[in-house]
Amino acid sequence: MTLFSQDFVYEKFSDFYNSSSTEISPPALIGQREFAFLLFKERIMVRHKGFANINDLKLLLGETVPSDVYHSCAYYENPETEMDKKGWLGADLVFDIDADHIPTSCNKIHDEWTCSKCGFSGKGITPETCPICEDQRFDTKTWPCELCLNSAKEETAKLIDMLEKDFGFSSKEMRVFFSGHRGYHVHIESEAVKTLDAMARKEIVDYVSGIGLAILDEEAKERSKGRSSHVFSLHDFSWNRRLKLGMQNFLLKATKEDLRNVGIKNYVAVLQNKEAILKRCLEEGRWNSVKGISVETWTKIAEHVKNLESAKIDTVVTTDIHRLIRLAGTLHGKTGLRKVEFPVKRLEDFDPFKEAVAFKEGVVKVFVSDAPEFRLGGNVFGPYKSQTVELPTAAAVLLICRGRAEVVVK
Ligand SMILES: [Zn+2]
Ligand SMILES: [Zn+2]
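Parameters and conventions
Residues numbered from 1 in each chain as written. Chains lettered and ligands numbered in written order. Predicted model: local features only at pLDDT ≥ 70, side-chain atom pairs only at ≥ 80, totals over all residues. Heavy atoms only, no water. Helix = DSSP H or I, 4+ residues; strand = E, 2+ residues; numbered from the N terminus. Buried < 20%, exposed > 50% of the residue type's maximum accessible area, 1.4 Å probe, protein only. Contact = heavy atoms within 4.5 Å. Areas by Shrake-Rupley, 256 points an atom, 1.4 Å probe, with all protein chains shown as cover. Lys, Arg positive; Asp, Glu negative; His and termini not counted. Charge placed at Lys NZ, Arg CZ, Asp CG, Glu CD. Expected span 1.5 Å × (residues − 1). Donors = N, O, S within 2.8 Å, 3.2 Å for Na, K, Ca; no water. Tetrahedral: all angles 85-135°; square planar, octahedral: opposite > 155°, others 65-115°. Salt bridge = Lys/Arg side-chain N within 4 Å of Asp/Glu carboxyl O. Axes fitted to C-alpha atoms, helices over the stretch in contact; angles between N-to-C directions. Parallel < 35°, antiparallel > 145°, perpendicular 65-115°, else oblique. Left-handed = near helix turned anticlockwise from the far one by under 90°. Nonpolar A, V, L, I, M, F, W, Y, C, P; charged D, E, K, R; others polar. Pairing = 2+ DSSP bridges. Polar contact = N/O pair within 3.5 Å; in protein donor to acceptor, adjacent residues only side chain to side chain. Phe/Tyr/Trp six-rings, centres within 6.5 Å; stacked < 30°, edge-to-face > 60°. Lys NZ or Arg CZ within 6 Å of the ring centre and 35° of its normal.

Scanning the chain for helices and strands turns up 15 helices and 18 strands. Along the first, second and third principal axes, the C-alpha set of the chain runs to 75 × 55 × 45 Å. The 410 residues of the chain split such that 50% are buried. Considering only intrachain contacts with a sequence separation of at least 6, the fraction spanning at least 24 residues in the chain is 66%. Of the roughly 20,200 Å² that the chain leaves accessible, carbon and sulfur atoms contribute 50%. Taken together, the 57 basic and 60 acidic charged side chains of the chain have centroids lying 5 Å from each other.

Following this line, the structure appears as structure tokens:
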């Protein structure tokens with residue numbers, strides 16, 4: 001980013017944080033939270049800040065104009081002291097659903113990674129370690145793409161359904177946010193979760209991810225000598241219900257290709273007996289009542305459905321009881337979009353490319369090196385390749401923050 005572009009973005013962020021109409025929604029018990037800011041020009045993270053109230057916090061945001069603002073999920077006795085002296089009192093239960101962790105078909109088109117050590121690069125999801133030198137640091141080039149955000153939304157819907165139906169959280173207890181970049185956050189601030197330790201949070205992560213879910217009762221399999229009548233007993237609650245409904249859905253729509261992709265060799269038997277399988281096996285639980293549909297077939301279908309039904313969350317975020325998370329209402333330094341809250345029931349209709357737009361006035365001339373077609377604030381832009389265009393502020397800020405455009409100096 002050129003200095004000129006950086007000044008332009010900084011100025012827009014400054015107008016935003018100094019405007020009386022900007023609403024920042026603080027987390028519960030603001031006085032017990034640690035706050036952190038990433039500074040624009042210095043690119044340093046300032047941590048261990050505390051605020052007694054939202055007005056003090058707003059004043060600081062207006063003066064400092066950070067590129068990113070975070071608060072602790074945790075509650076502390078002394079949020080401003082060093083970590084081991086803070087006095088941990090509890091933490092919200094937080095989920096992060098990010099397109100970075102969801103295998104979408106489009107990430108191979110718009111995502112690139114380059115190993116910081118050896119320079120090896122590739123397309124798609126960034127690997128954990130470099131396949132050449134095993135380093136774990138990468139420069140990544142991603143894009144807040146519409147398809148990716150829709151996938152993230154679907155994962156969020158699955159998560160919320162589990163939190164509601166399986167864990168019993170009410171929609172009032174769950175706060176849902178667009179992250180400002182490539183995903184969604186779900187925060188639960190209720191007393192019931194506050195003092196859960198990292199291990200307990202890991203159990204919740206495993207549950208929603210379907211990790212360690214035993215699909216087959218191995219002992220029953222042994223007893224029944226491979227006959228499938230006793231090995232599945234799917235009742236109407238929790239993962240059992242999810243598997244049952246998921247298998248019904250899958251089988252209803254399954255084509256020859258779908259079945260082959262799941263690894264089912266006798267797909268002809270499945271396709272010919274669809275109705276009987278749905279009724280006798282899934283509805284009545286007579287799993288081995290259709291000839292040719294074995295324990296192996298059921299296990300393969302169930303494994304596939306487990307993957308479809310599990311929620312793809314960033315597991316590290318939920319288990320970290322000291323985690324910093326972006327403050328609602330503030331701007332994301334990689335997009336200039338806001339982290340915005342919306343009611344759980346609006347998840348399906350929520351449009352991040354309209355509702356998270358922060359900059360609504362002005363135009364600016366930019367040179368765009370490379371940008372895919374994108375939609376923002378009700379308009380469609382691009383694709384652009386090495387060209388100068390005049391764009392509304394929000395679109396220009398997005399491209400500059402993604403490293404794809406620079407302000408044209410007059
Ligand atoms: Zn490498
Ligand atoms: Zn995408």
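To continue, consider helix α1 (residues 3-18). Taking 1.5 Å as the rise per residue, α1 with 16 residues should run 22 Å; its terminal C-alpha atoms sit 22 Å apart, in good agreement. Where α1 is buried, its residues meet α2 (54-64), β3 (68-72), β14 (363-371), α15 (393-401) and β18 (405-407).

Moving on: the coordination of the zinc ion (ligand 1). Around the zinc ion (ligand 1), the protein supplies C115 (SG), C118 (SG), C130 (SG) and C133 (SG) as donor atoms, at distances of 2.3 Å. Here the zinc ion (ligand 1) is ringed by 4 donor atoms whose angles at the metal span 103 to 114°, and the overall shape comes out tetrahedral. One chain supplies every donor to the zinc ion (ligand 1), and in sequence these donors are spaced C-x2-C-x11-C-x2-C. Of this pair, C115 sits in strand β7 (residues 112-115) while C130 sits in the loop between β8 (121-123) and β9 (138-141), placing them 15 residues apart in sequence.

For the rest of this paragraph, the subject is the pattern of salt bridges. Scanning all chains against the criterion turns up 27 salt bridges. Here D100 makes a salt bridge to R182, at a shortest N to O gap of 2.4 Å. Residue D100 is found in the loop between β6 (93-98) and α3 (107-110), and its partner R182 is found in the loop between β10 (174-178) and β11 (183-188); the two are separated by 82 residues along the sequence. For R182, a relative accessible area of 1% corresponds to the buried category. Several salt bridges converge on common partners, so that one network encompasses D161, K165, D166 and R242.

Let's shift gears to the coordination of the zinc ion (ligand 2). Where a metal carries four tetrahedral donors, each ideal angle is 109.5 degrees; where it carries six octahedral donors, the ideal angles are 90 or 180 degrees. All of the protein donors around the zinc ion (ligand 2) are C106 (SG), H110 (NE2), C145 (SG) and C148 (SG); their distances to the metal are 2.1 to 2.3 Å. Mapped onto the sequence, the residues coordinating the zinc ion (ligand 2) show the spacing C-x3-H-x34-C-x2-C. Here C106 is found in the loop between β6 and α3, whereas its partner C145 is found in the loop between β9 and α4 (146-165), with 39 residues between them in sequence. Taking relative accessible area as the criterion, C145 reaches 11% and is therefore assigned buried.

Once that is clear, we can look at the packing of α4 against helix α8 (residues 238-253). Relative to each other, α4 and α8 sit at 135°, their axes nearing to 10 Å. Considered as vectors, α4 and α8 are oriented oblique to each other. As for the relative orientation of α4 and α8, their crossing is right-handed in sense. Contacts between α4 and α8 involve D161, M162 and K165 on the former and, on the latter, W239, R241 and R242. For the contact of α4 with α8, a count of residues per class yields 2 nonpolar, no polar and 4 charged.

Here the focus is the sheet that holds strand β2 (residues 45-49). Sheet strands pair by backbone hydrogen bonding; their relative direction is either parallel or antiparallel. Reading across from one edge, β2-β1-β3-β12 is the order of the 4 strands in this open sheet, with antiparallel pairing throughout. The strands lining the two open edges of the sheet, one partner per strand, are β2 and β12 (324-326). For this sheet the average axis-to-axis angle between neighbouring strands, irrespective of direction, equals 25°. Bridging between strand β1 (residues 35-38) and β2 involves 3 bridges; their strand directions are antiparallel. Bridge pairing in β2 links F35 to K49.

Moving on: the side chain of R201. Tracing the backbone shows R201 in helix α6 (residues 198-209). Engagement of the side chain of R201 in a polar contact is seen with the backbone oxygen of A91, the distance being 3.1 Å. For R201, the contacting residues outside a window of four places in its chain are W88, A91, D92, L93, V193, K194, L196, T318, T319 and I321.

Extensive coverage of β10 is indicated by the burial of 5 of its 5 residues. Side chains of β10 alternate between two faces, with M174, V176 and F178 and R175 and F177 buried alike. Summarising the sheet, β10 and β11 pair through 5 bridges and their orientation is antiparallel. Counterpart to V176 in the pairing with β11 is V186. Once β10 ends, the chain turns through 4 residues before running back antiparallel as β11, passing G180 with a positive phi of about 95°. With 3 bridges joining them, β10 and strand β13 (residues 340-342) adopt antiparallel strand pairing. Note on β13: the bridge partner recorded for F178 is V340.

We now examine the sheet that holds β6. What the 4 strands build is an open sheet, ordered β6-β11-β10-β13; its pairing is antiparallel. Edge strands, defined here as strands with exactly one partner in the open sheet, are β6 and β13. Averaged over all adjacent pairs, the angle separating strand axes in this sheet is 25°, with direction ignored.

Moving on, we come to the packing of aromatic side chains. One pass over the structure, following the stated rule, counts 19 aromatic pairs. Where W113 meets F120, the ring centres are 6.0 Å apart and the plane angle is 55°; that geometry is what we call tilted. Ring pairs connect the aromatic residues Y10, F13, F16, Y17, F40 and F359, which therefore count as one cluster. Positioned above the aromatic ring of Y75, the side-chain terminus of R33 is 3.9 Å from the ring centre. Here the basic side chain of K41 rests over the ring of Y10, its NZ or CZ set 4.2 Å away from the ring centre.

Just distances and angles here, no functional claims.
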